[in-house]
Amino acid sequence: MQRERISIPKIVLYIVVALLLYVLQSSWFGMWSIRGYHLDLMPALVAAAALLDGPAEGVIVGVAVGLFYDLGFVGIDGLYPLFFILFGLVAGAMSRLTLSGTYISMLLMTAFEMILLGLIRYFVYLLPQAGASIGLVLQQIIGGTLLTCIFCFIVYLPMRKISRIFADR
């Protein structure tokens, strides 16, 4: 088994993209909704990094995205970094075994990630505290997932460009 080399400049650019997207999402994207659904593109970063470059990059971007979620005081501290680390690792391994780094693969992985994340949020936050209706929660999860998948190209295009620039080196 050959050891994978990690490009530090590529990782730095991925984290800069994640930071810019976090700022946009917590300010501009956070202010508007479409039919009551809010856009959340941060999970798409983890899927893109893992599918384009593998598990190591998926884990590193997953840590960054999870920490940005924790900085925004969304949920229990440490849950998001753990979720995104595991997802980045699994998605990166799947990209090596079965999935390609195409846009369709990223859409599928992002949709799966968003649904899984929504269910974790429901069982960890909403059910114990408020006893929220699963029907309403599923409606929000599916609507948010579809909205994210529609705008996923905003994440995929710069991540693919960064990946291709450093693939030649």
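These numbers come from a predicted model, not from an experiment.

Criteria and thresholds
Residues numbered from 1 in each chain as written. Predicted model: local features only at pLDDT ≥ 70, side-chain atom pairs only at ≥ 80, totals over all residues. Heavy atoms only, no water. Core = buried A, V, L, I, M, F, W, Y, C linked by side-chain atoms within 4.5 Å. Buried < 20%, exposed > 50% of the residue type's maximum accessible area, 1.4 Å probe, protein only. Helix = DSSP H or I, 4+ residues; strand = E, 2+ residues; numbered from the N terminus. Contact = heavy atoms within 4.5 Å. pLDDT = per-residue confidence, 0-100. Salt bridge = Lys/Arg side-chain N within 4 Å of Asp/Glu carboxyl O.

## Here we look at the nonpolar core
Phase 1: Counting 42 residues, the largest nonpolar core has Met 42, Leu 45, Val 65, Phe 84, Met 106, Val 155 and Met 159 as the members making the most contacts within it.
Phase 2: Elements that contribute at least two residues to this core include exactly α1 (8–31), α2 (42–53), α3 (55–71), α4 (79–97), α5 (103–130), α6 (134–150) and α7 (153–167).

## What about the environment of Val 61?
Phase 1: Relative to the elements of secondary structure, Val 61 occurs in helix α3.
Phase 2: The class for Val 61 is buried, based on a relative accessible area of 1%.
Phase 3: A sequence separation of 24 residues divides Val 61 from Ile 85, and the C-alpha atoms of the two residues are 8.0 Å apart.
Phase 4: Not counting the four nearest positions on each side in its chain, Val 61 is found in contact with Tyr 14, Leu 45, Val 46 and Ala 49.

## Quick word on the confidence of the model for the protein chain
Phase 1: Averaged over every residue, the pLDDT of the protein chain is 86; residues scoring 70 or more account for 89%.
Phase 2: Here α5 stands out as the least confident element of the protein chain, with mean pLDDT 85; α2 is the most confident, with 94.

## Topic: the pattern of salt bridges
Phase 1: By the definition in use, this model includes three salt bridges.
Phase 2: Measuring nitrogen to oxygen at the nearest pair gives 3.3 Å for the salt bridge that ties Lys 10 to Asp 53. Of this pair, Lys 10 sits in helix α1 while Asp 53 sits in helix α2; the two residues are 43 residues apart in sequence, bridging distant segments of the chain. Of the two residues, Lys 10 and Asp 53, both sit in the buried class.
Phase 3: Between Glu 57 and Lys 10 there is a salt bridge whose closest N-O contact spans 3.5 Å. Placement of Glu 57 in helix α3 and of Lys 10 in helix α1 is noted, with a sequence separation of 47 residues between them.

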